[in-house]
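Observations on chain architecture
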Amino acid sequence: MFDLTGKTALVTGAGRGVGLGIARVLGRQGAALLINDLFEERALAACAQLSAEGLQASALPFDTTDYDAVSAAVEAAGRIDILVNNAGIPGREGMALQPFAETSPQQWRPMVNVNLYGTLNCSHAVLTGMRERGWGRIIVVSSDAGRVGTNAGVTLYGACKAAAVHFVRNLSQEVAASGITANAIALGPMDNLPEEIVEFVARGIPVPRTGSGDDAGSAIAYLASEEASWVTGQELPVNGGLSPS
Ligand SMILES: NC(=O)c1ccc[n+]([C@@H]2O[C@H](COP(=O)([O-])OP(=O)(O)OC[C@H]3O[C@@H](n4cnc5c(N)ncnc54)[C@H](O)[C@@H]3O)[C@@H](O)[C@H]2O)c1
């Protein structure tokens, strides 16, 4: 597909789910992988899985919401060419698809911390090295909920995602002359949604299935590639044709 040999990719929240799928695709294109997760055992298990598949993966566990932890980990890693800001918590976790009026301010903070501050922290921490090397890729994993109105219960989640996308849109202008691009993908419903709703949501998608880690990873491999060096500040919907706009 796209040759990422010689590049090091940090994927946040890659201990499972979509992030693990993205890491796998980038690894298959030749990137050395840094597998981040909040839970060290998840990051280690993902690395063991990827290594068994012949990919080069090291665990880099930290909490993306903790700037000091992020910068210490990035410094220890030494070189990061591709950052995939994937760690995120959807509306269903912690807020159980509650309408916004029924949530409390105590529930808002973790949502904003992970879905927005996590991206700010990680992007800020990798920028100095990318600028020095004159090459970098910063990619946000967003959601259709951050692009269009999708369903009730994801109001704040979608707002955080939209903010993270707009952050990279504007960041792209600041870093373009340094060889760094900043883009986002907006995912539709993915395979790892609870089993009982996968079949139901798939019926409403023009390409009638939920998305896979390969779908997300393939789009990101393109955005991370040399071939996409003139593509920046963009949000690419990866959603089987759902919610066109
Ligand atoms: N699954 C979907 O249907 C879907 C749809 C649209 C967008 N997305 C986005 O895709 C991304 C991945 O979603 P997923 O479904 O794989 O989620 P998931 O919950 O299965 O996996 C997320 C991983 O991130 C880790 N994580 C959470 N907070 C963290 C933190 N502060 N620091 C480091 N790691 C942290 C978790 O431990 C977990 O292993 C998210 O940004 C999500 O918003 C998912």
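For the structure, check the block above.
Figured I'd write up the structure that's included with this text. Values in this document were obtained by computation on a predicted structure and should not be read as measured data.

Conventions adopted
- Sequence order sets the numbering: in each chain, residues are counted from 1 along the sequence as written.
- It should be noted that, the model being predicted, local features are given only for residues of pLDDT at least 70 and side-chain atom pairs only at 80 or more, the latter also being counted only at that level, while totals for whole chains, interfaces and linings use all residues.
- As a rule here, side-chain values come from all non-hydrogen atoms in the structure, and water together with hydrogens is ignored.
- For helices the rule is a DSSP run of H or I covering at least 4 residues; for strands it is a run of E covering at least 2, with both sets numbered from the N terminus onward.
- Here the globule rule is a power law, 2.2 Å times the number of residues to the power 0.38, and the radius of gyration is based on C-alpha atoms.
- Every residue pair with non-hydrogen atoms within 4.5 Å of one another is taken to be in contact.
- Charge convention: Lys and Arg are scored as positive, Asp and Glu as negative, and His as well as the terminal groups of each chain are ignored.
- Lysine's charge is taken at NZ, arginine's at CZ, aspartate's at CG and glutamate's at CD.
- In this scheme, a residue with accessible area under 20% of its type's maximum is buried, one over 50% is exposed, and one in between is partly exposed, where area comes from a 1.4 Å probe on protein chains only.
- The rule for a residue being near a molecule or strand is that one of its heavy atoms must lie within 4 Å of it.
- Here a polar contact is recorded for every N or O atom pair within 3.5 Å, except that within protein the pair must consist of a potential hydrogen donor and a potential acceptor, and residues adjacent in sequence are included only if both atoms are side-chain atoms.
- Per-residue and other accessible areas follow the Shrake-Rupley method at a 1.4 Å probe size, with only the shown protein chains counted as cover for residues.
- Only Asp, Glu, Lys and Arg are considered charged, only Ala, Val, Leu, Ile, Met, Phe, Trp, Tyr, Cys and Pro nonpolar, and every remaining residue, Gly among them, polar.
- Any two strands between which DSSP finds at least two bridges are classified as paired.
- An axis is simply a line fitted to the C-alpha atoms; with a helix, the fit covers only the stretch in contact. Between two such axes, the angle follows the N-to-C directions and lies from 0 to 180 degrees.
- Any carboxyl oxygen of Asp or Glu that lies within 4 Å of a side-chain nitrogen of Lys or Arg is treated as forming a salt bridge with it.

Right, let's get into the overall build of the protein. When helices and strands are tallied, the protein shows eight helices and seven strands. What you see for the protein is a C-alpha radius of gyration of 17 Å, in line with the 18 Å of a compact globule of 245 residues. Principal-axis analysis of the C-alpha atoms places the extent of the protein at approximately 45 × 35 × 35 Å. For the protein, contacts bridging at least 24 residues in sequence account for 74% of all contacts bridging at least 6. Here the protein contributes 16 positive and 24 negative side-chain charges, whose respective centroids are spaced 4 Å apart.

If you trace the backbone, Thr181 turns up in strand E6 (residues 180-187). Judged by relative accessible area, Thr181 falls into the buried class, the value being 5%. Dropping the residues within four chain positions of it, Thr181 is found in contact with Gly136, Arg137, Ile138, Leu223, Ala228, Ser229, Val231 and Thr232.

Position of Asn36 among the secondary structure elements: in the loop between strand E2 (32-35) and helix H2 (40-52). Overall, Asn36 belongs to the buried group, its relative accessible area being 1%. Contact partners of Asn36, with chain neighbours within four places excluded, come to Leu10, Val11, Thr12, Gly13, Ala14, Gly15, Leu60, Pro61, Phe62 and Thr64.

Here we take up the site of the ligand. Near the ligand, the surroundings consist of 28 residues, among which Arg16, Asp37, Asn86, Tyr157 and Lys161 are the closest. Interatomic distance of 3.0 Å between a backbone N/O atom of Met190 and an oxygen atom of the ligand. For the ligand, whose unbound accessible area comes to 830 Å², protein coverage reaches 95%. Put simply, the parts of the chain that give the shell around the ligand at least two residues each are helix H1 (17-28), strand E5 (136-143) and helix H6 (155-175). Among the residues forming the shell around the ligand, the class breakdown is 12 nonpolar, 11 polar and five charged.

Looking now at the sheet that holds strand E7 (residues 235-238). Reading across the sheet, the seven strands line up as E3-E2-E1-E4-E5-E6-E7 and stay open at both edges, with parallel pairing between neighbours. Each edge of the open sheet carries a strand with a single partner, namely strand E3 (57-59) and E7. When the angles between neighbouring strand axes are averaged without regard to direction, this sheet yields 20 degrees. Strand direction decides the pairing type here: strand E4 (residues 82-85) and E5, joined by four bridges, are parallel. When the sheet's bridge partners are listed, Val84 is paired in E5 with Ile139. Against the sheet, H1 makes contact with strand E1 (8-11), E2, E4, E5 and E6, and its axis sits at roughly 175 degrees relative to E1, the strand it touches most. Sitting on the sheet, H6 touches E5, E6 and E7, and the angle it makes with E5 is about 160 degrees.

To continue, consider the environment of Val165. Checked against the element boundaries, Val165 lands in helix H6. For Val165, a relative accessible area of 3% corresponds to the buried category. Counting along the chain gives 49 residues from Val165 to Leu116, while the straight-line C-alpha distance between them is 9.3 Å. In this structure Val165 touches Ser142, Ala184 and Glu235, once residues within four positions along its chain are discounted.

This part covers the environment of Asp191. Note that Asp191 resides in the loop between E6 and helix H7 (195-202). The spatial distance from the C-alpha of Asp191 to the C-alpha of Asn151 is 18 Å, given a sequence separation of 40 residues. Excluding its chain neighbours within four sequence positions, the residues that come into contact with Asp191 are Val198, Thr210, Gly211 and Ser212.

A separate point is the pattern of salt bridges. In total, this model carries seven salt bridges according to the counting rule given. A salt bridge links Asp81 to Arg79; the nearest nitrogen and oxygen atoms lie 3.0 Å apart. By relative accessible area, which is 38% here, Arg79 ends up partly exposed. Here Arg169 makes a salt bridge to Glu235, at a shortest N to O gap of 3.8 Å. Here Glu235 lies in strand E7 and Arg169 lies in helix H6, a separation of 66 residues in the sequence. Exposure remark for Arg169: the relative accessible area of 31% places this residue in the partly exposed category. The structure contains a network of salt bridges with shared partners spanning Arg79, Asp81 and Arg133.

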